[in-house]
Amino acid sequence: MSVTLTADRTERIRLGVNVDHIATLRQARGTRYPDPVFAASLAELAGADQITIHLREDRRHIQERDLQILRKTLTVPLNLEMAATQDMVCKALEYLPDTVTLVPEKREERTTEGGLDVAGQLAVITKVVGQLQAAGIVVSLFIDPTEAQVRASAQTGAPAIELHTGDYAEAKTAALHCERLQHLRDAALLAHRLGLRVAAGHGLDYQNVQSVAALPHVEELNIGHSIVARAVLVGFERAVAEMILAMHTAP
Ligand code: PXP
């Protein structure tokens, strides 16, 4: 069993690269490319500490085939985000990712909106945590940074939480930014006191990441959209130049 969150804060903070949006681009055209499996390998070569994918109920981006191949090809841990349903528990038990992060899921949402209501579904979440942990999977709960959710998470027996940074990332004023960062700090401190390991993610980008990376006890960040968005632009000139070359070298 591999534990993906590091206990020692003197170690550098870990990056989980979320490759869902590579799959989003692929699914937009029903092509074979770009392949999130390929992207995951490149992320690994670039130093990613883990690969994160969300197998959604509607399979809008990541497909079961991606999970199956990544399970065989990755040399860094695989973190599977999924809803706390029995269907998804079956998938996790079939493919055995290193970590499962339980997330809330609504079909109509654009992306994961808000954290998992662990406090409101304590029995269901505790059962799913137990099922996954019995199979050797490390479970993390993706929650809003509130005292009630952190305390409830500790009660489930899960060893880790991932703090939802979406509200922080969307703060429009400096005052809100500070207030929401403080919520994250308080939640991280409480979680640590309760023996939970702490990750964070959602909406983190090249501007707002540093304050979160500097929070006490935050050992891991999971980041997807901003990395994929940047990759599109930093690779754009080369992609155009390669197309021109392909046109000009036509037989
Ligand atoms: N962590 C969790 C639990 C998520 O659901 C997501 C989005 O799939 C992320 C991190 C990454 O968020 P973003 O794509 O905004 O970086």
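Residues numbered from 1 in each chain as written. Predicted model: local features only at pLDDT ≥ 70, side-chain atom pairs only at ≥ 80, totals over all residues. Heavy atoms only, no water.

**A look at the site of the ligand**
Note the following rule: In this text, near means that some heavy atom of the residue lies within 4 Å of the molecule or strand in question. Think of a polar contact as two N or O atoms within 3.5 Å of one another; within protein, one of them needs to be a possible hydrogen donor and the other a possible acceptor, and neighboring residues in sequence only count if both atoms come from side chains. To measure how exposed things are, a 1.4 Å probe is used in the Shrake-Rupley method; for residues, cover is taken only from the protein chains shown. Residues are sorted three ways: Asp, Glu, Lys and Arg are charged, Ala, Val, Leu, Ile, Met, Phe, Trp, Tyr, Cys and Pro are nonpolar, and all the rest, Gly among them, are polar.
By nearness alone, 13 residues border the ligand, and Glu-81, Glu-162, Gly-203, Gly-224 and His-225 come closest of all. Residue Gly-224 places a main-chain N or O atom 2.8 Å away from an oxygen atom belonging to the ligand. Residue His-225 places a main-chain N or O atom 2.9 Å away from an oxygen atom belonging to the ligand. In isolation the ligand has 400 Å² of accessible area, and contact with the protein removes 95% of it. Within the shell around the ligand, the residues separate by chemical class into three nonpolar, seven polar and three charged.

**Regarding the pairing of strand β7 (residues 197-201)**
How we decide: Exposure is judged per residue with a 1.4 Å probe applied to protein chains only, and the accessible area is read against the type maximum: over 50% gives exposed, under 20% gives buried, and values in between give partly exposed. Each helix is a run of DSSP H or I of at least 4 residues and each strand a run of E of at least 2, with the numbering of both proceeding from the N terminus. Two strands qualify as a pair provided that DSSP identifies no fewer than 2 bridges between them.
Most of β7 sits inside the fold, with four of its five residues counted as buried. In terms of strand pairing, strand β6 (residues 160-164) meets β7 through five bridges, oriented parallel. Paired with His-164 across the two strands is Gly-201, which belongs to β7. Inspection of the sheet shows β7 paired to strand β8 (residues 218-223) by four bridges, in the parallel sense. Residue pairing across strands places Val-198 opposite Val-218, the latter belonging to β8.

**A closer look at the environment of Glu-219**
Inspection of the secondary structure puts Glu-219 in strand β8. Taking the C-alpha atoms as reference points, Glu-219 and Ala-152, 67 residues apart in sequence, are found 20 Å from one another.

**Notes on the environment of His-202**
By secondary structure assignment, the location of His-202 is in the loop between β7 and α9 (209-213). Overall, the relative accessible area of 22% leaves His-202 in the partly exposed class. Along the backbone, His-202 and Tyr-168 are 34 residues apart, and their C-alpha atoms lie at a distance of 9.3 Å.

**Things to note about the pattern of salt bridges**
Formally: Basic side-chain nitrogens of Lys or Arg form a salt bridge, by our definition, when they fall within 4 Å of a carboxyl oxygen of Asp or Glu.
Summed over the entire model, instances satisfying the criterion amount to twelve salt bridges. Here the salt bridges do not stand alone but share partners, grouping Arg-26, Asp-35, Arg-65 and Asp-66 into one network.

**What about the sheet that holds β6?**
Heads up, the condition is: Orientation is described by lines fitted to C-alpha atoms, with helices fitted over the stretch in contact, and by angles between N-to-C directions that extend from 0 to 180 degrees.
The eight strands are arranged β1-β2-β3-β4-β5-β6-β7-β8 in a closed barrel whose pairing can be described as parallel. Each strand of the sheet is rotated relative to its neighbour by a mean of 25 degrees, with strand direction disregarded.

**Observations concerning the side chain of His-54**
With respect to the helices and strands, His-54 occurs in strand β2 (residues 50-54). Within the structure, His-54 has its side chain in polar contact with the side chain of Glu-105 (distance 2.9 Å).

**Regarding the packing of helix α6 (residues 147-156) against helix α8 (residues 174-193)**
The following threshold applies: Any angle between 65 and 115 degrees counts as roughly perpendicular, while under 35 counts as roughly parallel, over 145 as roughly antiparallel, and the rest as oblique. Helix crossings are classified by the rotation of the near helix relative to the far one: an anticlockwise turn of less than a right angle makes the crossing left-handed, while a clockwise turn makes it right-handed. Residue contacts are defined here by distance: any two heavy atoms, one from each residue, within 4.5 Å place the two residues in contact.
At a minimum axis distance of 10 Å, the contact between α6 and α8 shows a crossing angle of 25 degrees. Taken together, the axes of α6 and α8 are roughly parallel relative to one another. Once α6 is placed against α8, the crossing between them reads as right-handed. Contacts from Glu-147, Val-150 and Arg-151 of α6 reach α8 at Ala-187, Leu-190 and Ala-191. Taken together, the residues of the contact of α6 with α8 break down into four nonpolar, no polar and two charged.

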